[in-house]
Amino acid sequence: MPEVTVRKQKIRKNSVRTRLIIFGVLALLLLLASIFAEYLTPYDPYIQDLNNAKAAPTPAHLFGTDRYGRDMLSRVIVGSRASIYSTLLLVAIITAIGTCVGVFCGWHGKFIDVVLMRISDMFLAFPGLVFALAVAGVLGGGLQNAIIALAAISWPKYARIARSQTLAQKETPYLKAAKLSGSSTVKIIFKHILPNIIGPILVTSMLDIGTMMMELAGLSFLGLGAKPPTAEWGSMMSDTRSLLTTAPWVTLSPGFAIFISVMVFNLLGDTIRDYADPRSRGGR
Amino acid sequence: MKKYVIHRLIQLIPVLFGITLLSFAMMRIAGSDAITELYGDKGAVAQEIIDAKRAELGLDRPFIEQYFSWLTGMLRGDMGVSYVSGKNVFDTFVAKLPATLLLTLLSIIATILISIPLGVLAAVNHDRIVDYILRFLSFIGNSLPNFFVALLLMQLLSIKLGWLPVISNGTTLRSAIMPTLTLAIAMSAKYMRQVRATVLEELNKDYVTGAKARGVRNHVILWKSVIKSSMLTIITLLALSIGSLLGGTAIIESIFMWDGVGKLAVDSITMRDYPLIQAYVVWMAIIYVCVNLITDLLYHALDPRIRLGVSEDA
C-alpha cells in the first residue's frame, strides 16, 4: 500500500517540524530569559529580608525565600545567567575549537595530524569528569575555570567528527576539481568544506548542551564553578544543602530549574537530530 | 586473537605515557609547587633556604628529568606525601579505593537489575503504551543531574520517610543504598534506551521472522535467541560505562559522605593538596584504560563473529 506509507511519512515530517518549532521556541525563551534575567525578577535577588527568612512558597514568593529572606524565584531567574548562558558559551567554544583542529588535521594530514590526533586520544583516555575535576582544582574555582576545564575534556570528540568529515570531503571529485582550478586553501575550507561538514557537528553540539549543563552545574555544586554570592543553580543547591530538612524549597527549586532547562535542550537536540537524519526517527 | 591482544597492549603504552605526562605537567602548570606550599604562608624566607630545599626535592632539575623520576617513583608506589596530612599519598589512595570500587560495583549491579528488564519490556512492547511510558521515564532520568537526584532521594527517603540515615556512617550496606540508587538511576535511564535499541534491532532480524513463521512461540524466540544474542552487546556497553561512573562517583561520594577516593579527591581539591589530586587523576585514568581494554578483549574473545573477522585481517 504505497499511499499509506507516503501519508505516514508526511505526518511524521510534519510532527518533527512541529516539535522543532515548539522546542526551539522554548529553548529561545530560556536563552532570552538568561540574557535579560535582571529585568525579569519580581524582587531584587540580592536584597535580604531577615524577617521573612525561610518562608514557604506563597503567591507573593512562588519558590519561597532562602535563609536571608531573599526571594528564591528571583534568584533562580538570575541564576539562569550563569547556568544557561555559560553552558551555551562552553558548547560554542568546544564546537569551534574541535572543528578548527579537526578540519586542520583532516586537510593538512601528515605529521601534525598524527600529533594532534594522538593528543586527542590522550584526552579521550581520561574518564571525563575526573579530568575536569583535576583541571578545575588546579586552576582554582570560578565559572571561567570550570568552563576551561570542561572545554579541555570535550573538544577531542568534535575534532574527531570534523576530521573524519573533512577526510571524506577531500576525496570527493568536486573538491579535487576546486583544487585543480586553483582555489586557495582558505577558500576551499570556508566555501566548500565547512558548509558541508557543519551539519553533523552542529547536531552533536545540540545534543551535548544538556550534558554540559549538568556537568557545569555539577562542578559548581562541588564549589569548583561559580562562587557565591553569584547566583548559579549548582552552587545555590550546594550552599543551601543544610536547609534540606527545614526549607527544602530553597535547595530543590534551583534543581528543578536545571532539570527543566536540561530537558528542553535535550528535547531540542533530539528533534534536531531527527530532523537532520530521518533514519533515527521513531525513537530508535 | 593473540596478535590482537599484543597489538592492543602495545597501543596502551603511548596512552599510559600520555596520561602520566599530562597529569604531571598539569600539576607543574598549576604554578604552586611544594616550595610555595611549604613556605608560602610563612612570610619572607631567605632565597638560600628556598634554593636549598628546591635542590633537595629535585625541583631545580629539567622538567623531563623530574617527570621520569616521578614516573619511576609512581610505579614503585611512591607518589610523595600529602601537603596537608603529611601521610604517604599512595597508601592514602589505596586505603580509600575499596569503598569506591564497592560503590561502583553495587551501582552496576543495580543498573543491570533495573535497565535490562525494563529495556526488554520496552522493546517487546514497541510503540505501545508501556514503551512510551518507559521512554518518557528514561528521558526524565537523562535530564536529571545526579546531585539533584541525590538531594531528592535524601529528602524523600531520609527526611520524609526516615528510612535511611542522611549521611553514611561508615562503609556499610545500609548507607550504600542511597548513593547506589542515585548512580543507578542516571545509568539506568541511559542503558534502558540502549538495551531497548539492541533488542529491537535483534527482533527485526530475519531469523526472528523465520522462527515466527515456523510457529515458534514468541517467548521462546525472545528468551532463547533474542535476549541471548543481545546480551553480549549490552554487557559490553555497560562495562564501557565504568569510566564515566568512576568520575561521577566524586560528586555523589561527597554528598553522602561516602569515604572513597572521589570524596578524597574533592577534599584534596579544596585543600589544594596537589600530590593527592595527581594520584587520583593518574590512577583513575589507568583503571579506566585497563577496564576498557579488558572489556574490549573479552568482547573479542566471546563473540566468534568479531574474532573471526580479526583473524582474517591478521
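Coordinates for the structure precede this section.
Each value, and the rule that gives it
- Sequence order sets the numbering: in each chain, residues are counted from 1 along the sequence as written.
- Chains carry letters and ligands carry numbers; both start at the beginning, A for chains and 1 for ligands, and go up in the order they are written.
- Reporting of local features is limited, given that this is a predicted model, to residues whose pLDDT is at least 70; pairs of side-chain atoms are given and counted only at 80 or more, and all residues count toward the totals for whole chains, interfaces and linings.
- Secondary structure elements are defined from DSSP: runs of H or I of at least 4 residues count as helices, runs of E of at least 2 residues count as strands, and each element is numbered from the N terminus.
- Note on contacts: residues are paired as contacts if their backbone-placed C-beta atoms lie within 7 Å.
- With C-beta atoms placed from the backbone, a residue counts as buried when 20 or more other C-beta atoms lie within 10 Å of its own, as exposed when 12 or fewer do, and as partly exposed for counts between those limits.
- Only buried Ala, Val, Leu, Ile, Met, Phe, Trp, Tyr and Cys residues enter a nonpolar core, and they are joined through C-beta atoms within 7 Å.
- By this rule, a helix spans an expected 1.5 Å times one less than how many residues it contains.
- Any residue that is not Ala, Val, Leu, Ile, Met, Phe, Trp, Tyr, Cys, Pro, Asp, Glu, Lys or Arg is counted as polar, Gly included; the first ten are nonpolar and the last four charged.
- Where helices are involved, their axes are fitted lines through C-alpha atoms of the stretch in contact, as for all axes, and angles between N-to-C directions lie from 0 to 180°.
- When describing relative orientation, an angle under 35 degrees is termed roughly parallel and one over 145 degrees roughly antiparallel, while 65 to 115 degrees is termed roughly perpendicular and anything else oblique.
- Definitions for this section: a left-handed crossing has its near helix turned counterclockwise from the far helix by less than a right angle. A right-handed crossing has that turn clockwise.

A. Region of interest: the overall build of chain B. Scanning chain B for helices and strands turns up 14 helices and zero strands. In chain B, the succession of α and β elements from N to C terminus is α-α-α-α-α-α-α-α-α-α-α-α-α-α. Sequence-distant contacts, at least 24 apart, represent 74% of the contacts inside chain B between residues at least 6 apart.

B. The arrangement of the overall build of chain A in detail. Check the secondary structure of chain A and you find 10 helices and zero strands. In chain A, the succession of α and β elements from N to C terminus is α-α-α-α-α-α-α-α-α-α. Across the 284 residues of chain A, 45% fall into the buried class. When contacts within chain A are restricted to residue pairs at least 6 apart in sequence, long-range pairs at least 24 apart make up 70% of them.

C. Main features of the nonpolar core. Ranked by size, the top nonpolar core spans 141 residues in total, and within it A:Val130, A:Ala132, A:Leu150 and B:Tyr280 carry the most contacts. Dropping the residues within four chain positions of it, A:Leu150 is found in contact with A:Leu90, A:Ala132, A:Met212, A:Glu215 and A:Leu216.

D. Geometry of helix H7 (residues 146-160) of chain B. Under the 1.5 Å per step criterion, the end-to-end length of H7(B) is 20 Å for 15 residues, consistent within 8% with the ideal 21 Å. Along H7(B), the residues that are buried comprise B:Asn146, B:Phe147, B:Phe148, B:Val149, B:Ala150, B:Leu151, B:Leu152 and B:Met154. Looking at the buried positions of H7(B), the neighbouring elements they touch are helix H8 (185-221), helix H9 (233-239) and helix H10 (248-276) of chain A together with helix H8 (173-203) and helix H11 (242-256) of chain B.

E. Representation of unusual backbone geometry. Residue and element names in this part refer to chain B. Notably, Asp-127 is not glycine yet its phi reads approximately 60 degrees, a positive angle. Mapped onto the secondary structure, Asp-127 falls in the loop between helix H5 (89-124) and helix H6 (129-143). Judged by local crowding, Asp-127 falls into the exposed class, with 11 C-beta atoms found within 10 Å. Positive phi is not limited to glycine here, since Met-257 has a value of about 55 degrees. Checked against the element boundaries, Met-257 lands in the loop between H11 and helix H12 (261-271). With 15 C-beta atoms packed within 10 Å, Met-257 lands in the partly exposed category.

F. Region of the structure containing the interface of chain A and chain B. Opposite the 37 residues of chain A that make contact, chain B presents 38 residues. If you list the elements that add at least two residues to the side of chain A that touches chain B, you get helix H4 (110-125), helix H5 (128-139), H8 and H10 of chain A. For the side of chain A that touches chain B, a count of residues per class yields 24 nonpolar, 10 polar and three charged.

G. A look at the packing of H5(A) against H11(B). Look at H5(A) against H11(B): their axes get within 6 Å of each other, and the N-to-C directions meet at 45 degrees. Regarding the angle of H5(A) to H11(B), the classification is oblique. Residues A:Gly128, A:Leu129, A:Val130 and A:Leu133 of H5(A) form the contact with H11(B), whose participating residues are B:Ser244, B:Leu246, B:Gly247, B:Gly248 and B:Ala250. Partitioned by chemical class, the residues of the contact of H5(A) with H11(B) number five nonpolar, four polar and no charged.

H. Highlighting the environment of B:Ser115. Residue and element names in this part refer to chain B. Relative to the helices and strands, Ser-115 is located in helix H5. Owing to 25 C-beta atoms within 10 Å, Ser-115 belongs among the buried residues under this scheme. Along the sequence, Ser-115 and Gln-194 sit 79 residues apart, while their C-alpha atoms lie 9.1 Å from each other. Ignoring sequence-local partners within four residues, the contact set of Ser-115 consists of Ser-188, Tyr-191, Met-192 and Val-195.

I. Spatial organisation of the packing of helix H6 (residues 143-170) of chain A against H8(A). Residues and elements named next belong to chain A. Running from amino to carboxyl end, H6 crosses H8 at an angle of 160 degrees, the nearest separation of the two axes being 10 Å. Compared by their axis directions, H6 and H8 come out roughly antiparallel. Note on packing geometry: the crossing formed by H6 with H8 is right-handed. Residues Ala-146, Ala-149, Leu-150, Tyr-158, Ile-161, Ala-162, Gln-165, Thr-166 and Gln-169 of H6 lie in contact with H8, whose contacting residues are Ile-193, Asn-196, Ile-197, Pro-200, Ile-201, Thr-204, Met-212, Glu-215, Leu-216, Leu-219 and Ser-220. A breakdown of the residues in the contact of H6 with H8 according to their chemical character gives 13 nonpolar, six polar and one charged.

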